[in-house]
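Spelled out from the first residue to the last, the chains are:
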Protein chains: 2
Amino acid sequence: MEESKGVVKHVLLARFKDGVPPDQIDQLIKGYANLVSLIEPMKAFNWGMDVSIENLHQGFTHVFESTFESTEGVAEYISHPAHVEFADLFLSNLDKVLVVDYKPTTVPI
Amino acid sequence: MEESKGVVKHVLLARFKDGVPPDQIDQLIKGYANLVSLIEPMKAFNWGMDVSIENLHQGFTHVFESTFESTEGVAEYISHPAHVEFADLFLSNLDKVLVVDYKPTTVPI
């Protein structure tokens, strides 16, 4: 589909369960980042702690953003065995999760 | 504060109220984009509809991402009169909203 082309940003918001130790969180983040080297359509990954001050973050504490070349690339990623295995581990450590995908568009002014 | 330096991504997830017409949504998105020209620390803006297929989007339909040079820049934006005026209008059209800010960090592998 022509409309599926173009960069897709995959944004995951997370809150880890109470009691997951910081070094385990670090390992999970490294495991997430490592998917870039295992899953071809995943082109980039970055993350950060929530530092917002508006109190509209609804309890989420971590943001993970990965980049794909198309919506098909995201679908391939989701069903990839390396992602499925990682997601099982990752999600078992989370209290809350939210995922959105979007194609970044600028607005002509 | 030294630690406040570095690009900050400001991500807003939204769901518009039922009944807000598409042309009004377009105008609101243009109004959001226009803040880049009105508020100095806001450096970039893009947006997109949610196209995720994992059903973890919790009802959010739109993603708005803006970029700032520091957390102080975000604070200046939030209190800027142009933002306050726009936010009143924008939020009155929303059913759901969530905001996170983060400093994108890559993970050395």
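Report on the accompanying structure. (Residues numbered from 1 in each chain as written. Chains lettered and ligands numbered in written order. Predicted model: local features only at pLDDT ≥ 70, side-chain atom pairs only at ≥ 80, totals over all residues. Heavy atoms only, no water.)

1. Observations regarding the pattern of salt bridges
Consideration 1: On inspection of all chains with the given rule, the structure shows 6 salt bridges over all chains.
Consideration 2: One salt bridge connects A:Asp95 with A:Arg15, and the closest N-O pair in it is separated by 3.7 Å. Separated by 80 residues along the polypeptide, A:Asp95 in strand β4 (residues 94-102) and A:Arg15 in strand β1 (residues 5-16) bring together distant segments of the chain.
Consideration 3: Since its relative accessible area comes to 28%, A:Arg15 is described here as partly exposed.
Consideration 4: In this structure, the salt-bridge partner of B:Glu40 is B:Lys43, at a minimum N-O distance of 2.8 Å.
Consideration 5: On the basis of relative accessibility, which here comes to 57%, the residue B:Glu40 falls in the exposed class. (Salt bridge = Lys/Arg side-chain N within 4 Å of Asp/Glu carboxyl O. Helix = DSSP H or I, 4+ residues; strand = E, 2+ residues; numbered from the N terminus. Buried < 20%, exposed > 50% of the residue type's maximum accessible area, 1.4 Å probe, protein only.)

2. Quick look at the relation of the copies chain B and chain A
Consideration 1: You can overlay chain B on chain A at an RMSD of 0.0 Å; the transform is a turn of 180° with a shift of 0.0 Å along its axis. Classification of the inter-copy transformation places it as that of a two-fold axis. Minimal C-alpha separation from the rotation axis in chain B is found for B:Val11, amounting to 4.7 Å.
Consideration 2: Of all interface residues in chain B, 100% are interface residues in chain A too; the two copies therefore contact each other through one and the same surface. (Least-squares fit on C-alpha atoms with pLDDT ≥ 70 in both. Contact = heavy atoms within 4.5 Å.)

3. Structural notes on the interface of chain B and chain A
Consideration 1: Counting residues at the interface gives 39 residues for chain B, matched by 39 residues for chain A.
Consideration 2: Across the interface of chain B and chain A, roughly 3400 Å² is buried in total on both sides, 68% from carbon and sulfur atoms.
Consideration 3: Contact with chain A buries area across many residues of chain B, yet B:Glu54, B:Tyr102 and B:Val107 alone supply 17% of it, more than any other trio.
Consideration 4: Scanning the region where chain B abuts chain A turns up 0 salt bridges.
Consideration 5: In this structure, the connection of chain B to chain A is made through 12 residue pairs in polar contact (both at pLDDT 80 or more).
Consideration 6: Put simply, the parts of the chain that give the side of chain B that touches chain A at least two residues each are β1 (5-16), α1 (22-38), β2 (42-49), β3 (62-70), α2 (71-79) and β4 (94-102) of chain B.
Consideration 7: Ranked by residue count, the leading element in the side of chain B that touches chain A is β4(B), at 6 residues. (Buried area = accessible area lost by both parts, 1.4 Å probe. Polar contact = N/O pair within 3.5 Å; in protein donor to acceptor, adjacent residues only side chain to side chain.)

4. Let's talk about the side chain of B:Glu65
Consideration 1: The topology assignment puts B:Glu65 in strand β3.
Consideration 2: In this structure B:Glu65 comes out as buried when scored by relative accessible area, which is 5%.
Consideration 3: Those residues within four positions of B:Glu65 in sequence are excluded, and the remaining contacts are A:Glu65, A:Tyr102, B:Lys9, B:His10, B:Val11, B:Ala44, B:Phe45 and B:Asn46.

5. A closer look at the packing of aromatic side chains
Consideration 1: A complete count under the given rule lists 20 aromatic pairs over all chains for this structure.
Consideration 2: Taken together, a centroid distance of 4.7 Å and an interplanar angle of 35° make the contact between B:Tyr32 and B:Phe45 tilted. Within this pair, whereas B:Tyr32 is found in helix α1, its partner B:Phe45 is found in strand β2, the two being separated by 13 residues in sequence. For the pair shown, B:Tyr32 and B:Phe45 are each scored as buried.
Consideration 3: Over the face of the ring belonging to A:Phe60 we find A:Lys96, whose NZ or CZ atom lies 4.6 Å from the ring centre. (Phe/Tyr/Trp six-rings, centres within 6.5 Å; stacked < 30°, edge-to-face > 60°. Lys NZ or Arg CZ within 6 Å of the ring centre and 35° of its normal.)

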